[in-house]
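Working through the structure, step by step
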Amino acid sequence: MKFKALVAVLVALAALGMAAWLYQLQEGLIVTNMRNPFSWGLYIAMWAFFVGTAAGGLVVSSAIYIFGAREFKPIAPVASTTAFIFAVGAMVMVLPDLGRVDRILNMFLYPNFSSLLPWDLIVLSTYAFLSAIYTYVLLMPRIAERGVLGFLKKDATDLESLRQKSEKYAKVLAPIALPFAILIHTVTAWVLATQLSRPWWYGGLLAPTFIAAAIATGPAVVILASLFVYGYEDRLKNAYRLLGKISAASSAALLFMYYNDFLVRYWWGEGLEYEALAIVFRDYLHIHFLEVLFILFSAIVLAKATTRARLIIGSVSVNVGVLLHRFLLMPPAYNVFAFSIEGWQYPIAVGEVRGDLFSPQPVFVDYWSYSPSAVEIAVTVGIVAVLSLVLLTLLKALPLKDVGEKA
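Before going into details, it helps to say that this report is about the structure given with it. The shown structure was predicted, so the numbers you read here are calculated from the model rather than taken from an experiment. (Residues numbered from 1 in each chain as written. Predicted model: local features only at pLDDT ≥ 70, side-chain atom pairs only at ≥ 80, totals over all residues. Heavy atoms only, no water.)

**Considering the packing of helix H1 (residues 2-27) against helix H14 (residues 374-397)**
Heads up, the rule is: For helices, the axis comes from a line fit to the C-alpha atoms of the stretch in contact; other axes are also lines fit to C-alpha atoms, and the angle between any two N-to-C directions lies between 0 and 180 degrees. Only DSSP runs of H or I reaching four residues or more are called helices, and only runs of E reaching two or more are called strands; each is numbered from the N terminus. Note on terminology: angles under 35 degrees are roughly parallel, angles over 145 are roughly antiparallel, angles of 65 to 115 are roughly perpendicular, and the others are oblique. It is the rotation of the near helix from the far one that decides the hand of a crossing: anticlockwise by less than a right angle makes it left-handed, clockwise makes it right-handed. Ten residue types, Ala, Val, Leu, Ile, Met, Phe, Trp, Tyr, Cys and Pro, are classed as nonpolar, four, Asp, Glu, Lys and Arg, as charged, and the remainder, Gly among them, as polar.
One way to put it is that H1 packs onto H14 with a least axis distance of 7 Å and a crossing angle of 140°. Of the possible angle classes, the one that applies to H1 and H14 is oblique. Crossing angle aside, the handedness with which H1 passes H14 is left-handed. Counted by class, the contact of H1 with H14 contains 20 nonpolar, four polar and one charged residues.

**Some thoughts on the layout of surface pockets**
For clarity, the threshold we go by: Both site types are read off a 1 Å grid over the protein atoms alone. A 1.4 Å probe that fits but cannot get out defines a cavity, while an open set with protein on both sides within 12 Å along at least five of seven lines defines a pocket; lining residues have an atom within 4 Å of a point. Grid points are joined across faces, edges and corners, and a volume is the space filled by probe spheres set on the points.
By volume, the largest pocket is sized at about 650 Å³. Only H1, helix H2 (42-53), helix H8 (206-230), helix H12 (308-327) and H14 provide two or more residues apiece to the lining of the largest pocket. The space that makes up the second largest pocket amounts to roughly 420 Å³. Taken together, 16 residues make up the lining of the second largest pocket; nearest its centre are Val94, Leu98, Ile104, Met107 and Leu117. At the level of elements, H2, helix H4 (76-98), helix H5 (105-109) and helix H6 (116-146) are the ones that each hand at least two residues to the lining of the second largest pocket. Counting residues per element, the lining of the second largest pocket draws most heavily on H4, at five residues.

**Side note on the packing of aromatic side chains**
When we look at a pair of aromatic rings, we describe it by the centre distance and by the angle of the planes. Convention followed: Aromatic rings from Phe, Tyr and Trp, with only the six-membered ring used for Trp, were paired whenever their centres fell within 6.5 Å, and each pair was classed as stacked if the ring planes differed by under 30 degrees, edge-to-face if by over 60, and tilted otherwise. Two thresholds decide whether a charge sits over a ring: the Lys NZ or Arg CZ must be within 6 Å of the ring centre and within 35 degrees of the ring normal.
Counted according to the given criterion, the structure contains 16 aromatic pairs. On the basis of an interplanar angle of 75° and a centroid distance of 5.7 Å, the ring pair of Phe262 and Phe281 is categorised as edge-to-face. A residue pair is termed long-range when its members are at least 10 positions apart, and Phe262 in helix H9 (residues 237-268) and Phe281 in helix H10 (residues 272-283) qualify at 19 residues. By way of ring pairs, the aromatic residues Phe38, Trp40, Trp201, Phe327, Tyr334 and Tyr370 are connected into one cluster. When the ring centre of Phe210 is taken as reference, the NZ or CZ atom of Arg326 above it lies at 4.1 Å. Positioned over the ring face of Phe3 is Lys396, at 4.8 Å from the centre of the ring.

**Examining the pattern of salt bridges**
Applied cut-off: We define a salt bridge as a side-chain nitrogen of Lys or Arg found within 4 Å of a carboxyl oxygen belonging to Asp or Glu. Each residue's exposure class comes from its accessible area (1.4 Å probe, protein chains only) as a fraction of the maximum for that residue type: buried when under 20%, exposed when over 50%, partly exposed otherwise.
What the rule picks out here adds up to eight salt bridges. Of the charged contacts in the structure, one is a salt bridge between Arg70 and Glu167, with a shortest N-O distance of 3.2 Å. You can see Arg70 sitting in the loop between helix H3 (55-66) and H4 and its partner Glu167 sitting in helix H7 (residues 156-193), a full 97 residues away along the chain. Relative accessible area serves as the criterion here: at 42%, Arg70 is assigned to the partly exposed category. Salt bridges linked by common partners bring Arg70, Lys73 and Glu167 together as one network.

**A closer look at a nonpolar patch on the surface**
Put simply, the rule reads: Patch rule: a residue counts if its relative accessible area is over 30% and it has no salt bridge; like charges are joined within 9 Å, and nonpolar side chains (Val, Leu, Ile, Met, Phe, Trp, Tyr) within 5 Å. Only the protein chains shown count as cover for residues, with accessible areas throughout obtained via the Shrake-Rupley method and a probe of 1.4 Å.
Side chains of Val9, Leu13, Leu16, Ile377 and Val381 sit close together on the surface and give an oily, nonpolar patch of about 380 Å² of accessible area. Sorting the residues of the nonpolar patch by element identifies H1 and H14 as the ones contributing at least two each. Top element by residues in the nonpolar patch is H1. It accounts for three residues. Mapped onto the fold, Leu13 is located in helix H1. Assessed through its relative accessible area of 30%, Leu13 is described here as partly exposed.

**What about a positive patch on the surface?**
Inclusion rule: As used throughout, the charge tally considers Lys and Arg to be positive and Asp and Glu to be negative, leaving His and the chain termini uncounted. By convention, the charge on Lys lies at NZ, on Arg at CZ, on Asp at CG and on Glu at CD.
A surface patch of like charges, here positive, comprises Arg241, Lys245, Lys304 and Arg310. Checked against the element boundaries, Arg310 lands in helix H12. On the basis of relative accessibility, which here comes to 31%, the residue Arg310 falls in the partly exposed class.

**Describing the nonpolar core**
Which entries qualify depends on this criterion: Throughout this description, the term nonpolar core refers to a set of buried Ala, Val, Leu, Ile, Met, Phe, Trp, Tyr and Cys residues connected via side-chain atoms within 4.5 Å. Note on contacts: a residue pair qualifies if any of its non-hydrogen atoms lie within 4.5 Å across the two residues.
Counting 113 residues, the largest nonpolar core has Trp47, Phe72, Tyr134 and Trp201 as the members making the most contacts within it. Top element by residues in this core is H8. It accounts for 14 residues. If sequence neighbours within four positions are ignored, Phe72 has contacts with Val60, Ala63, Ile64, Ala239, Leu242, Leu243 and Ile246. Of all hydrophobic cores here, the second largest spans five residues; its members include Leu10, Ala14, Ala385 and Leu389.

**Topic: the environment of Ala193**
For Ala193, the location among the structural elements is in helix H7. A sequence separation of twelve residues divides Ala193 from Leu205, and the C-alpha atoms of the two residues are 9.2 Å apart.

Laid out in structure tokens, this is it:
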């Protein structure tokens, strides 16, 4: 009954999101709070977030064969399923940011390989494909054992042969999948870090922070999905504890790199990079405080997560913190204008007439106070709801449990 209620809520949110997206397509991106001086917002922040949450799947599955982490083997199919869903979600999240969705075809028809965006699409698509294949390889014996998904049941001899093939293929895929799990975050970070006019993204630490954030949130997503499928079983407690420790350690690494970068920027005391940092602490301090609070809290909770409640609280907390972290990628980047002459910055037209005849507002600005509009929030919630529905459906439909386990 609870599951049906959850599905009903998700369907309603998905419908609301679709309606908001159709409204945005009709009216244009003017219904968002993005403007000419602030061209990336919540949608791209969510894109970066989904890339991170996709990481845990193949990292967990690959660790079984590369690092000998056999504790993860029972939850490996769940892990690779989450990897597939969130990799697809990252690609879908870009669509509402385009305004004109049909223009995504230009990336296929006229790819510009001097830009990192086509490379990011290639890496993400390959990662999603590998995740789907990995899931199938892991589930081959169970699919045959049950005769589901259109496959005929196999006898005991054939099943044993399939189990050996599954193990063999998984060992081959593991060393291929793990580099792609790292690569999707590296290339995504490079998409931002190579933007010459965005000093907030400068530096070689952006890619490592993306990887740290991914290895913090990815295992947390796997924990939540596995608890949904298997519950808090004794045989899985070691796997849950290990995933919690990995997430906690990565959270600590993320915060270290974050504040290392802050210290360097602060030490200069001037320049565009210092200016970007000042925006965080001047205008977005409340969000920064919350992101650090949630990430630090999750690290403390997950480091010694010995109960179901601690696992859930810690896993949710780290995802909330990293989501806020992803959002803060945008405001400092778009509110520092690198084009200047002797300290005077060129203002940028917002692209609309603001105010009225008696109370006109500036059309040219050198700062844009951004917060997502109701349309942006509704579209984002709708996409998250659709992804959640698809994930829950797959977790219910796929034979993720061995025969004899309780459904």
